[in-house]
Amino acid sequence: LWLGGSLGGLSLMNPATHQCRAFGDVVPGGESIHHVYAFAEDKFKTVWMCTNGDFLYGYNLETKQLIHYHNGTNNPELNIIHNSYISGILIKDNMMYLATSDGMEVLTITGVNRLRWEKKILARTNVSQIACDGTTIWASTNAGLAKVNSIDLSSQMITTADGLPS
């Protein structure tokens, strides 16, 4: 069972014994990943880990390959995430949606540990959580509740003027 936390980072827990091991201890040669706020697994068996301040990590459960997407690298394939503070993730089909402190980043999952940046939506809003209901993506933001169409990425903001409680 994978566990994420803001202090201990990512850990693997044995449900029978309740014993936890840090991610760096579970993965041979793995690094410690701290401030894990959210994680999700894609169809390629990659566990994607969103961090508060250290961008996005991907760990493939079959190949045991760890990849770090961040803007501190000279590799243009890894320098595609624009915000280091990622509080939520949603994976729907081959699409990844990241909730950041400056909007929602939309990426395409193209293969094992491989991403392609598509666009940013809900710019200049602090997005904290994301959920999906069929083709509608719901995102909580500091400006209200965002309703996003997952097909064309059009959005509507629902606010207190629409009856949303303050």
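Rules and cut-offs
Residues numbered from 1 in each chain as written. Predicted model: local features only at pLDDT ≥ 70, side-chain atom pairs only at ≥ 80, totals over all residues. Heavy atoms only, no water. Helix = DSSP H or I, 4+ residues; strand = E, 2+ residues; numbered from the N terminus. Buried < 20%, exposed > 50% of the residue type's maximum accessible area, 1.4 Å probe, protein only. Polar contact = N/O pair within 3.5 Å; in protein donor to acceptor, adjacent residues only side chain to side chain. Contact = heavy atoms within 4.5 Å. Pairing = 2+ DSSP bridges. Axes fitted to C-alpha atoms, helices over the stretch in contact; angles between N-to-C directions. Phe/Tyr/Trp six-rings, centres within 6.5 Å; stacked < 30°, edge-to-face > 60°.

**Student:** For this particular structure, what's the right way to read the side chain of Asn113?
**Tutor:** If you trace the backbone, Asn113 turns up in the loop between strand S10 (103–111) and strand S11 (114–121). Classification of Asn113 by relative accessible area gives buried; the value is 0%. One polar contact links Asn113 to Thr46, side chain to side chain, over a distance of 2.9 Å. Setting aside its immediate chain neighbours within four residues, Asn113 contacts Thr46, Trp48, Gly58, Tyr59, Asn60, Gln65, Leu66, Ile67 and Tyr69.

**Student:** Looking at this structure, I do not really get the sheet that holds strand S8 (residues 86–92). What am I missing?
**Tutor:** Across a sheet, paired strands are connected by hydrogen bonds in the backbone, their directions being either parallel or antiparallel. Read from one edge to the other, the open sheet built from four strands follows the order S8-S9-S10-S11, with strand pairing classed as antiparallel. Taken across any chain shown, the strands that pair with only one partner, and hence form the sheet edges, are S8 and S11. Across this sheet, the average inter-strand angle for adjacent strands is 25 degrees, counted without regard to direction. Here strand S9 (residues 95–100) pairs with S10 via six bridges, running antiparallel. From the neighbouring strand, Met95 faces S10, where its bridge partner is Thr108.

**Student:** Hey, could you run me through the packing of aromatic side chains in this one?
**Tutor:** Working definition: an aromatic ring pair is given by the centre-to-centre distance plus the angle between the planes. Under the definition given, this model contains one aromatic pair. Ring centres of Trp48 and Tyr69 lie 5.9 Å apart, and the angle between their planes is 50 degrees; on these two criteria the pair is classed as tilted. You can see Trp48 sitting in strand S5 (residues 46–51) and its partner Tyr69 sitting in strand S7 (residues 66–69), a full 21 residues away along the chain.

Don't take any of this as a statement about function, it's just geometry.
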